Structure formats: C-alpha cells, structure tokens
Amino acid sequence: MVISLNSNYTMTLSACGTKSDSVINETVFEMLFRTHYASLVVYARRFLNDTDAARDVVQSVFIRVWERRDETPIVNIKGYLVQSVRNRCISLIKDRKRTGTIEEAGRLKDEEPELPDNELIEKVQEVIAMLPPQCQRVFVMNRFDGMKYKEIADNLGISVKTVEVHMGKALKFIREKLPTAIYSLQRS
Amino acid sequence: MMNTGNMIDEIRAARILAGEASDAELKEHKQLLESDLGYREEWNEWLNAWQLGDDAVLQMNIDTDGALAELLEKAKTRTVDVSVRKIRVRVMRLAAAVAAVLTIGIGMRYLIDNSKSEYLNYIAGDRLPMEISLSDGSKVTLNRGASLEVVQPFRGKERRVSLSGEAWFEVAPDSKHPFIVGLGEFEVRVVGTQFNVRNVEGTETFNVEVLEGIVDLVRLTGTDSPLRLKAGDGAVFYHRTKTLDRVRFSMNNIAWKSGRISFDDSPLLDVFATLERVYGTRLVANDASILQERLVGTFAYDDFDHIIDVVCRTFNLRYEGDSAMIMVYRNN
C-alpha cells in the first residue's frame, strides 16, 4: 500500500503479520535485481546526468532491500524501488546544490524526469541493433563509453569526419524510426 | 509525432548534442532556437531521439551481472552508510498498526550511534494538526502538512528541532538548555515560552509570533545581532529581499491553534483579509462601503459558514459563491 503524505513524501506500508512465502531469498533477490537494475539506472541517470552516480544510487537501494530481507515483506517492490531511487536522487541533488553550482546540481522540482518507458526503450534498442555494425560501434563508444570523436577515430583507425558521419547516421535513423516505434507500441 | 521537417543536418545535430560543436556553431544554433519556432520544434525531435538513444544504449550495455556480483560482495561486509545524513542509521520497520495513526500523522525512527536517542521525523497529515510531546515536557502542535525533525530524548547542551510548515510551540523552561527551532538560514532560540512559527516552503516569508516569554531570532549567516521578541511581538522575514520586520502579534494568526477568531471593532476589510488567510477563500464585496462596516465578535475556528452568516445578518448583506471565492452584496 503506497500512501501519499504530501508532495514530498510517499510511504509504502508493508503487510504485517507472519512471514509469507514472498520472503526475499537469494534467488528472488537476484531475479529482482536482474529485472529492475538497468531501467532504474537509466531513471537515476535522468536525474543526476552521471552514470556512475546513478549506478551508486541504485546499488545502495538494492543493498537496503537485501539487508531488510528478513523483515516484513514489501508489498509493491517495484514501487518501493522507484520511490527509493527517486528520493535518493533528490537528496543528492539537494546536497549538491548546497555545496556546488546549480548547473552541476541536476534536475529537480518542475523538471523532474519521467520514469522511463521500458517498452519504448526496448523498441529503440531494436532500432539501434539494426544499425550497420561500425555505425553502431561508434555510437556506443560515444554514448556509453563516453569517448570523444577524436578518441573514437584513433581507436578505430578512421578519420574524425567518418566518426561524424556515423554519429549523424545513427541519430537520423533513430529519429526516423521513432514514430513507427511508438505507433507499434500503441498497437501492441 | 510526425517528422516536422529536415532543415537541420543530422551530422551537425549529432555534433551539437555530443558536445563536439564549435563555438560558432553553438552560437548560431542558440540564435536559431530563440528566433525560429520551426527550428525549435524540429530540434526537440532530434533531442528526444538522442536522449532515448542514450537511455537505450545505457540499458543495453549495462553490466548487470558485474553489478550484482559487486553488490553481493558489498552486502556481506558493509555497514549501512547514508551519505545524506553521514551517520549510521538502521531503518526500523513500520508496523501496520501505525495505519491507525496515519490519518493524523506519522513518525519515522532512526537509531543513532547505538545510543538510546532516536532521530524522529514527525509529519502531520492533511486533515488534523498533530500534537507532539517532547522529552523535556515541551509540546509542539504541527499544523496540517507540517513536519518536525528532532532527536529524542534531547541530548547535549541544546534542545534542537527542525521545522517545515507551521507549528505552535509550548516550550518548557530550562535556562541551561536553550530550545532552538531550525529554519534553514535562521534559528529561533527560546528559553521558555509559547510561540508560533510559520515556515512554509514556496511562500515568500516565514513568521514568528510570541504569546508569552522571550524569543531570539538569530540569523546564522552575516553579522546581524539577534532580534529579540517579547510577548505580543512577531517577526516576518521576506526571503526575496532578505529583510526582517518586527510586527504586532495578532491572536487571529494562530486561530488554527487557539480555535478562536475574534474581531474587536475591526473593519470588514480586515475581517475579510483574516478570513481569507485562515480559510483560503477569497472574500470580495461588490460595494466598497461594505468594507468599512465594523465587526465585534468571537467565533469558533471551524465555523466559517457561521461567521459569514453573522456578518451578513449584522449588516443586512447576502452572499454567493463557493469554497474558492465568495462575493458579498448589500440587500436592497
């Protein structure tokens, strides 16, 4: 049961009473982790603009779940995970605001990021998988590994101009395929 | 979501989004964004595609196995580290029995340093104020939606609480242990007294009103000396201009706590302003002379309709409207 207290707090009440069979053992925990970890990191990154920080936040939330596993089971685990990640991101951003520049702080309040639409993201993954191999490689090296154009060019033994063309092609492909991705989502 | 156009070259778009564009390109881009609506709309599509591509790439390539292994390793050896508070905490589980208390408010507990004191966070619900008794005998009444953070029992040389929203304080005297209400940049320091504090996020001011005793308002930044408030005094701090004004304290400001609103020969202009403040309903008169009539009377706090009725009967008025706004007319 998720209760909304005011605009800053919601709380999940767990079912009371004797232990039910939905206790989290290692197998269940692993399954939860594998199911939700990636999309939660994507969500956290939308707040923090920093992949490593996002990973840390999600990890710490899962560690909490693990450490609480013998206590009363949580009824809506996905809701709990999302709320926890959100709350931690917001705390982190508030802390950053206190000690750093506003630009570094991250997104908050009126611009709070949306929960990622998993189905849509999977469709986009399919689109990316359709890219020619070199093009895909370049796009991933820039977006995931964070390499600059020059570094990619040196690494793959191609010119910066070629890298630019690959990046443009990947972006154009995604943009063109997006409307159909959404359309097929609505149909399914 | 149609492709709105193709005036933006994809290679250039990717360069800008990847942070590889030249200063000149960026400047031109910003100018076009500001001046050309069609450009801006198309740009949003490129941006959207880029961000979704980002998310997709991250999700595809994330090393879940590695993260899981790392986590299980950590879980076996670590003590919980909450970087936000920088103290060791262990969340205590909430029993469903707490649900009965939820309509009024809830408390959340955290253990601190294995000692007997707990860090408590009280949050008043939407319907009723919440009464809290503190370990020194002080009482705090939280207005709806307000929250209070405090370590209980009190430890150390000070009795500290942190407030968001509105609360009425009745502080037990203890001159050796000043009672302090933290409001971010300011602190309210008291020795033993009854006072009201209103510090609501998103509003322009915070207010302190003193009924009994002495309160010092201390600014933590800067070198101002504390503002001392005595019974009947109040203070209003304006966030934007950072000015602190001393004001007279009106009992009607704490009508929510005292349960009473009184008017002592007050012009309806003031009466309406007070009612608006307390109930949130805008009160408007269609005839300015109505606002000059004077009212004497004491009313129970929870009886807004009754108050309006009395006002109207007294001055031969009628009213119409709803909970957002009421218009008052003369009966002719």
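Residues numbered from 1 in each chain as written. Chains lettered and ligands numbered in written order. Predicted model: local features only at pLDDT ≥ 70, side-chain atom pairs only at ≥ 80, totals over all residues.

A. Quick peek at the overall build of chain B. Across its full length, chain B carries eight helices and 19 strands. Sequence-distant contacts in chain B: of pairs separated by 6 or more residues, those separated by 24 or more amount to 40%. (Helix = DSSP H or I, 4+ residues; strand = E, 2+ residues; numbered from the N terminus. Contact = placed C-beta atoms within 7 Å.)

B. Looking closely at the nonpolar core. Ranked by internal contacts, the top residues of the largest apolar core, which has 50 residues, are A:Val41, A:Ala44, A:Val58, A:Val85, A:Leu171 and A:Ile174. Looking at which element gives the most residues to this core, the answer is helix H1 (residues 26-48) of chain A, with ten residues. The contact partners of A:Ala44, leaving out residues within four places of it in the chain, are A:Ala54, A:Val57, A:Val58, A:Val85 and A:Cys89. Counting residues in hydrophobic clusters, the runner-up holds 28 residues, among them B:Ile123, B:Leu142, B:Val150 and B:Phe179. (Core = buried A, V, L, I, M, F, W, Y, C linked by C-beta atoms within 7 Å. Buried ≥ 20, exposed ≤ 12 C-beta atoms within 10 Å, placed from the backbone.)

C. The arrangement of H1(A) in detail. Taking the largest bend as the criterion, H1(A) deviates by roughly 45°, centred on A:His36. The positive-phi residue at the C-terminal boundary of H1(A) is A:Asn49, with phi of around 55°. (Bend = angle between axes of the 7 residues up to and from the residue.)

D. Structural context of the pairing of strand S16 (residues 282-285) of chain B. Residues and elements named next belong to chain B. The alternating pattern of S16 places Leu283 and Ala285 on a buried face and Arg282 and Val284 on a face that is not buried. Bridge count between S16 and strand S19 (residues 325-330): four bridges; the pairing is parallel. Each bridged residue has a counterpart across the sheet, and for Val284 the counterpart in S19 is Met327. (Pairing = 2+ DSSP bridges.)

E. Representation of unusual backbone geometry within the structure. Residue and element names in this part refer to chain B. Put simply, Gln152 and Pro153 share a cis peptide bond, and its omega is -5°. If you trace the backbone, Pro153 turns up in the loop between strand S5 (147-152) and strand S6 (159-170). With a phi close to 60°, Asn316 is a non-glycine residue in the positive phi region. For Asn316, the position within the fold is in the loop between helix H8 (304-315) and strand S18 (317-321).

F. Main features of the packing of H1(A) against helix H2 (residues 51-67) of chain A. All names here are of chain A. Where H1 contacts H2, the axes come no closer than 8 Å and their chain directions differ by 140°. When the axis of H1 is compared with that of H2, the two are oblique. As H1 runs across H2, the sense of the crossing is right-handed. From H1, Phe29, Phe33, Tyr37, Leu40, Val41, Ala44, Arg45 and Leu48 reach across to H2, where they touch Thr51, Ala53, Ala54, Arg55, Val57, Val58, Phe62 and Trp66. In terms of residue class, the contact of H1 with H2 is made up of 13 nonpolar, one polar and two charged. (Axes fitted to C-alpha atoms, helices over the stretch in contact; angles between N-to-C directions. Parallel < 35°, antiparallel > 145°, perpendicular 65-115°, else oblique. Left-handed = near helix turned anticlockwise from the far one by under 90°. Nonpolar A, V, L, I, M, F, W, Y, C, P; charged D, E, K, R; others polar.)

G. Representation of the environment of A:Met130 within the structure. All names here are of chain A. Along the polypeptide, Met130 turns up in the loop between helix H5 (118-129) and helix H6 (133-143). Residue classification places Met130 among the exposed positions, given that 11 C-beta atoms sit within 10 Å. Residues Met130 and Phe173 lie 43 residues apart in sequence; the distance between their C-alpha atoms is 9.3 Å.

H. Summary view of the environment of B:Gly156. Take B:Gly156: it is sitting in the loop between S5 and S6. Residues B:Gly156 and B:His177, 21 residues apart in the sequence, show an inter-C-alpha distance of 8.3 Å.

I. Main features of the sheet that holds S19(B). All names here are of chain B. Taken together, three strands build an open sheet; the order of strands is S16-S19-S18 and the sheet is mixed. Both outer strands of the open sheet, S16 and S18, are each paired with one neighbouring strand and no more. Between one strand axis and the next, the sheet turns by 25° as a mean value, whatever way the strands run. Pairing of S18 with S19, which is carried by five bridges, proceeds in the antiparallel orientation. Looking at S19, one finds that Leu317 is bridged to Arg330. Helix-sheet contacts for H8 involve S18 and S19, and the interaxial angle to S18 is about 145°.

Geometric values such as these leave the question of function open.
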